[in-house]
Amino acid sequence: MNKIGIALDLGTSGFRGQAIDLSANAVLKTVITARHPLPGANVMDHLNFAIMAGPDVAHQIIMATINQIIDLLNMPGFAIECFAVCGNPIQLSLFENIEIRDLAYAGENYRRQLGIVSPDRSSKEYPAERFPLLNLPGNCLVFIPPAVKHEIGADALAMLILSGILDKEEICLATDYGTNAEMALKVGDKIITGSAAAGPALEGQHVENGMLAAPGAISDLRPENGGYRCLVLNTEMQPEDGDLLTLDNGTVLQKGRLEAKGITGTGVIATVSQGMDSGLVSLPNIKTASGSLHLSNGIRFSKKDLIEAGKAIGAIRAGYLTLAAEAGVSVEDIRVAFMAGASGTYVDARKAMNIGMVPPKVKEIYQVGNTSLLLAREIVQDPRRLKTLDEIARQLRARHCMFGLSKVFEKAYLLELSYWTEGLPWELYKKYARMYQLPELPQLHTDVNVTKKVTRDIRDIGKDGLITIERVGEERHWFVPGCVNCGQCVEECPENAIKLDDTLGVVMRMDCCSGTACQRCEHICPEKVFRLSEFWMNSLKISCD
Ligand code: SF4
Ligand code: SF4
């Protein structure tokens, strides 16, 4: 049996793991999760959860999820020689179970007052026994790549190194289009990064019929013969023809080869773009009898979905406006864009540009796939890579802009929200942007070259294919003191994340809960006895399968 390495990407919307045959340098199998195992839809929610529930609880849930992946990769334990994990600083800190509060609180002085010391986030090599909750053999080594700075994580480093941005002379923007859109603007040898909490719509979540990029997901929509063709991902994660239909009432003009189960983030982007071009979308409304756009197999895209998508698209545009202002360049100067992550790979780049997700004067777009998983794979293949990564991280002249503290971002995002959710006319948007002294958004340049460096976000899923875990991580339960079993919290939950059980009390599926951004169960409780933080701290795991 050849030696095996496991590469893992801890993404904000889900985890992706691969078993690698180290002798043949070949991917054997891929396992992904349908969601992130922690409550919440973005890294700040995950951070809040970890602070409220305690980092040990968050660490335990993450380890349980990784064990699900290791089990399904189904490699003989004795053969697993090494394990490498990549992700943003919050996910990697929760994995390592080290201090995370320095990532929650901005301001050196404030952190000092709280006695928070930033931990070492350079590259690490641990024996597997450092992680007793992880189902790895004792002789296995665990590798973690370095962060560039404490807020610029290994995932950003992966995007910078593997996208090709460092080799370009022009002003370039690289964006990992995920729940948390990691962005890097390169001007000369300087790099400014930012992280826009775009929300989950661009990964197909918090959208009524949304799903992650997985077989059965609508990933694109294109005009064809007077109707619109839905493209659906097959088991190889390649788009194939779904139904050809009319968007306004769903009349099927031609049956497709594949049935759609839901819509993923790239399908959302394509639907917004085509909806706007067709005139059926007039922000913030959809002008059809049902108030929705109709897609394959009864899947609909509603006004609520449109607003959710608009918030994400707006956060990304506000993000690159902010980076341009920070770098002292105009948006017009950004001529090259790199698109990473699942959305950045499957999306029709021109449609993304059409709705503002790529700066309007870009001439070259490169779609580069999931660079975080790729970096983890490179490390298991050659652990000496860690040393060169440390060196590159040290040399990068990178600076991080906290969008949460940026006045430019605040004003730009306010305008974006008005545009997407209230229908602020574009001319007024531009007038207010001038008033706020935001960087000017030039006219859209449509003559753009698109190079798809990969056809799948996960370049190679391996000979044994891809498995998606639907029930991710843990269910937890607790008898809430003072609970009178009225069931109002269950009825109020928009995600069906909780239920009542005679023998277990309140039971919560942690991967389905929206976390601190929601708290509707807490607010509705008539006895005022349900507190999410108390539930998370006191609840016990039921199962992880
Ligand atoms: S209602 Fe409560 S359990 Fe349901 S998603 Fe919101 S916070 Fe989570
Ligand atoms: S709303 Fe409050 S009292 Fe009612 S079942 Fe939920 S926790 Fe118990």
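Residues numbered from 1 in each chain as written. Chains lettered and ligands numbered in written order. Predicted model: local features only at pLDDT ≥ 70, side-chain atom pairs only at ≥ 80, totals over all residues.

**Details of the overall build of the protein chain**
Then comes step 1: Helix and strand counts for the protein chain come out as 17 helices and 27 strands.
Then comes step 2: Its C-alpha atoms give the protein chain principal-axis dimensions of roughly 60 × 60 × 55 Å.
Then comes step 3: Out of the 545 residues belonging to the protein chain, those deemed buried represent 54%.
Then comes step 4: Contacts in the protein chain between residues far apart in sequence, at least 24 positions, make up 71% of those at least 6 positions apart. (Helix = DSSP H or I, 4+ residues; strand = E, 2+ residues; numbered from the N terminus. Buried ≥ 20, exposed ≤ 12 C-beta atoms within 10 Å, placed from the backbone. Contact = placed C-beta atoms within 7 Å.)

**A short note on the site of ligand 2**
Then comes step 1: Near ligand 2 lie 15 residues; those nearest to it are C483, C486, C489, C525 and F530.
Then comes step 2: The residue inventory of the shell around ligand 2, partitioned by class, reads 11 nonpolar, three polar and one charged. (Near = placed C-beta within 6 Å. Nonpolar A, V, L, I, M, F, W, Y, C, P; charged D, E, K, R; others polar.)

**A look at the domain arrangement of the protein chain**
Then comes step 1: Partitioning the protein chain into structural domains gives domain 1 (4-148 + 460-469), domain 2 (157-199 + 307-372 + 398-452), domain 3 (201-302) and domain 4 (475-543).
Then comes step 2: One C-alpha centre belongs to domain 1, the other to domain 2; they are set 27 Å apart.
Then comes step 3: Taken together, the contacts link 16 residues of domain 1 with 12 residues of domain 2.
Then comes step 4: Of all the secondary structure elements, the ones that give two or more residues to the side of domain 1 that touches domain 2 are α1 (43-53) and β4 (80-87).
Then comes step 5: Its residues placed into classes, the side of domain 1 that touches domain 2 shows eight nonpolar, six polar and two charged. (Domains from an automatic or database assignment.)

**Description of the nonpolar core**
Then comes step 1: Ranked by size, the top nonpolar core spans 177 residues in total, and within it I6, A84, V85 and A376 carry the most contacts.
Then comes step 2: The element that contributes the greatest number of residues to this core is helix α8 (residues 303-327), accounting for 13 residues.
Then comes step 3: Beyond its immediate chain neighbours, meaning those up to four positions away, A376 contacts A7, L8, D9, A84, V85 and C86. (Core = buried A, V, L, I, M, F, W, Y, C linked by C-beta atoms within 7 Å.)

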